[in-house]
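One-letter residues, chain by chain:
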Amino acid sequence: MNNQLKLDPYKQKLAEVYDNTRSQNYDQSKWLFQITHRLVESVEIKPGDKVLDIATGTGHVAIKVAQLVGNSGWVVGVDLSTKMIEQARKKAIALNLKNIEFQLADGENINFPDNSFNLILCANAFPLMIDKEATLRLWSKFLKPGGFIGLHSIAETGFTNIVVLKKILENHRINIDFFQLSNTVNTIEKYENLLRQANLEVIFVKTETHGSYRSLEETKKKWNFVYYPSPVNNPHPFTKLSSEEIEAIKAEFELELEKLATPEGIWNNGTTFLVL
Ligand SMILES: C[S@@+](CC[C@H](N)C(=O)[O-])C[C@H]1O[C@@H](n2cnc3c(N)ncnc32)[C@H](O)[C@@H]1O
């Protein structure tokens, strides 16, 4: 139970997932590390810049940026998971970084003085925000004139296990909204429209092809995505099914993955969006 922030049930569950499960193994993924750094590489970061990293997690982006802005710069990382932030803090201390701080906060409800940051970044978490337009409007208030917001998120072809899972659930006419799929922005056009609605200038919205091999066994464990927190699965659609029916759907998921397996494992499509 995350008792330091007042969160709605969806965000409470998100915090619990990242506190209790993901924080323990998040940094084992080399792919996530590389992919978040692509966001940092795609934006211009100058010594002295003040940068906000929303949903900083274990600090992949915030730490890299702190090294680039130098001692005259400042980086703030916010996240709603205490345990993810703990990991980020440990890493910053180990690197002796003095120009970085981490705050426990909900990215949709943060409060900073207007004109505080040159750059606001959010890697791998923007799809989790509920009201995306309001969130972008809020974040843009904290930007200095001429500042930028940079987002990184997975494309609709992304995460092979999600694509397989989605198709199987659709075949069964089961609507499970894991990963906020019903409320996601997963095409270039949708991103451009959203940015304009939020009164932001579009500098670029581009996709990049990424991915890596994951073992069949590891990919099968991603079945758990069906239980990923969502604001709308209330009650979860599986509560209407018997345990036999759930096991049958899971077996179908595993069979589909087995068909995709190669000697190197399963190709996990990690195609992403980079947005400025
Ligand atoms: C997939 S991780 C991404 C972490 C990091 N940005 C990275 O790319 O390595 C998602 C993170 O978003 C955080 N998160 C989700 N919704 C959030 C919100 N509304 N406000 C702040 N953090 C949030 C989670 O706690 C988790 O640490």
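As a convention, each chain's residues are numbered from 1 in the sequence order in which they are written. Whole-chain, interface and lining totals are the exception, using all residues; otherwise, since this is a predicted model, local features are given only for residues with pLDDT of at least 70 and side-chain atom pairs are given and counted only at 80 or more. No hydrogens and no water enter the side-chain calculation; it runs on all heavy atoms of the structure.

S.K.: Is there a simple way to explain the packing of helix H6 (residues 160–171) against helix H9 (residues 243–260) in this structure?
M.R.: Packed helix pairs are characterised by how far apart their axes lie and by the angle those axes make with each other. Axis angles are defined between N-to-C directions and span 0 to 180 degrees, where every axis is a line fitted to C-alpha atoms and, for a helix, only to the segment in contact. Elements are defined by DSSP. Helices are runs of H or I of four residues or more, strands are runs of E of two residues or more, and each kind is numbered from the N terminus. The N-to-C vectors of H6 and H9 enclose an angle of 130 degrees; their axes lie 10 Å apart at closest approach. For the element pair H6 / H9, the angle class is oblique. As H6 runs across H9, the sense of the crossing is right-handed. Where H6 abuts H9, its residues Thr160, Asn161, Val164, Leu165, Ile168 and Leu169 lie against Ile249, Glu252, Phe253, Glu256, Leu257 and Leu260. Note that the term roughly parallel is reserved for angles under 35 degrees, roughly antiparallel for angles over 145, roughly perpendicular for angles of 65 to 115, and oblique for everything else. Throughout, a crossing is termed right-handed when the near helix is turned clockwise from the far one, and left-handed when it is turned anticlockwise from it by less than a right angle. Contacts are residue-level and defined by heavy atoms, with any inter-residue pair within 4.5 Å sufficient.

S.K.: Looking at this structure, how should I read the site of the ligand?
M.R.: Every one of the 21 residues lining the ligand counts as a neighbour, but Thr36, Ala55, Asp79, Gly107 and Ala123 are closest to it. In the analysis that follows, any N or O atom pair within 3.5 Å is treated as a polar contact, provided that within protein one partner can donate a hydrogen and the other can accept it, and provided that, for residues neighboring in sequence, both atoms belong to side chains. Contacts to the ligand include alanine 123, whose backbone N or O atom sits 2.8 Å from a nitrogen atom. Against a free-state accessible area of 590 Å², the protein chains account for coverage of 97% of the ligand. Nearness is judged by heavy atoms alone; a residue qualifies as near a molecule or strand once a single heavy atom is within 4 Å of it. For every accessible area listed, the method is Shrake-Rupley and the probe measures 1.4 Å; residues are considered covered only by the protein chains on display.

S.K.: Please explain the nonpolar core as it appears in this structure.
M.R.: Nonpolar side chains tend toward joint burial in soluble globular proteins. Judged by nonpolar contacts, the single largest core of 62 residues is most densely connected at Ile110, Leu136 and Trp139. If you tally residues by element for this core, the top one is H6, at five residues. Here the nonpolar core consists of buried residues drawn from Ala, Val, Leu, Ile, Met, Phe, Trp, Tyr and Cys, with membership extended through side-chain atoms lying within 4.5 Å. Three exposure classes are used, based on accessible area relative to the maximum for each residue type with a 1.4 Å probe and protein chains only: buried under 20%, partly exposed in between, and exposed over 50%. If you look at the next biggest cluster of nonpolar residues, it comprises 24 residues, including Leu39, Ile45, Val75 and Ile85.

S.K.: When you look at the packing of helix H5 (residues 132–141) against helix H7 (residues 188–197) in this model, what are you seeing that I'm missing?
M.R.: Two numbers describe how H5 lies on H7: the axes approach to 9 Å, and their chain directions differ by 55 degrees. In terms of their interaxial angle, H5 and H7 are classed as oblique. Where H5 crosses over H7, the handedness of that crossing is right-handed. Contacts between H5 and H7 pair Lys132, Glu133, Leu136 and Arg137 from the former with Leu194, Leu195 and Gln197 from the latter. Ten residue types, Ala, Val, Leu, Ile, Met, Phe, Trp, Tyr, Cys and Pro, are classed as nonpolar, four, Asp, Glu, Lys and Arg, as charged, and the remainder, Gly among them, as polar. Broken down by class, the residue content of the contact of H5 with H7 amounts to three nonpolar, one polar and three charged.

S.K.: Where do I start with the side chain of asparagine 99 in this structure?
M.R.: Within the secondary structure layout, asparagine 99 lies in the loop between helix H4 (82–94) and strand E3 (100–104). There is a polar contact of 2.8 Å between the side chain of asparagine 99 and the backbone oxygen of glycine 70.

S.K.: Can you help me understand the packing of aromatic side chains in this one?
M.R.: What describes a pair of aromatic rings is the distance from one ring centre to the other and the angle between the planes of the rings. Any pair of Phe, Tyr and Trp rings, taking the six-membered ring for Trp, is counted once the centres come within 6.5 Å. Such a pair is stacked with planes under 30 degrees apart, edge-to-face with planes over 60 apart, and tilted for the rest. A full pass over the atoms with the stated rule returns ten aromatic pairs. On the numbers, 5.9 Å between centres and 25 degrees between planes, the contact of tryptophan 223 with phenylalanine 238 is stacked. Residue tryptophan 223 is located in the loop between helix H8 (216–221) and H9, and its partner phenylalanine 238 is located in the loop between H8 and H9; the two are separated by 15 residues in the primary sequence. In this structure, tryptophan 223 and phenylalanine 238 share a single accessibility class: buried.

S.K.: Is there a simple way to think about the pattern of salt bridges in this case?
M.R.: Two side chains of opposite charge can pair, provided their charged atoms sit close to one another. The term salt bridge refers to a side-chain nitrogen of Lys or Arg lying within 4 Å of a carboxyl oxygen of Asp or Glu. One pass over the structure, following the stated rule, counts ten salt bridges. The shortest N-O distance in the salt bridge between aspartate 27 and lysine 91 comes to 2.8 Å. Of this pair, aspartate 27 sits in the loop between helix H1 (9–25) and helix H2 (30–42) while lysine 91 sits in helix H4, and the two are 64 residues apart along the sequence. Given the relative accessible area of 37%, aspartate 27 is considered partly exposed. Residue classification places lysine 91 among the partly exposed positions, given a relative accessible area of 24%. The shortest N-O distance in the salt bridge between lysine 221 and glutamate 218 comes to 2.9 Å. Of this pair, lysine 221 and glutamate 218 are both found in helix H8, three residues apart, which corresponds to roughly one turn of the helix. The exposed category is assigned to lysine 221, whose relative accessible area is 53%. Members of the salt-bridge network, linked through shared partners, are Lys11, Asp106 and Glu108.

S.K.: I tried to follow the sheet that holds strand E6 (residues 205–208) on my own but got confused; where do I start?
M.R.: Hydrogen bonds between backbone groups are what pair the strands of a sheet, and the pairing can be parallel or antiparallel. Within the open sheet, the seven strands sit side by side as E3-E2-E1-E4-E5-E9-E6. Their pairing is mixed. In the strand order of this sheet, the two ends are held by E3 and E6, each with one partner. Neighbour to neighbour, the strand axes of the sheet diverge by 15 degrees on average, direction disregarded. Pairing of strand E4 (residues 117–123) with strand E5 (residues 143–154) involves six bridges; the strand directions are parallel. When the sheet's bridge partners are listed, leucine 121 is paired in E5 with glycine 150. Contacting E4, E5, E6 and strand E9 (272–275), H2 runs over the sheet at an angle of about 150 degrees to E5. Most of the contacts of H7 go to E6, to which it runs at about 150 degrees, and overall it touches E5, E6 and E9. Each pair of strands is called paired provided DSSP finds at least two bridges between the two strands.

These results come straight from atomic positions and should not be treated as a statement about function.
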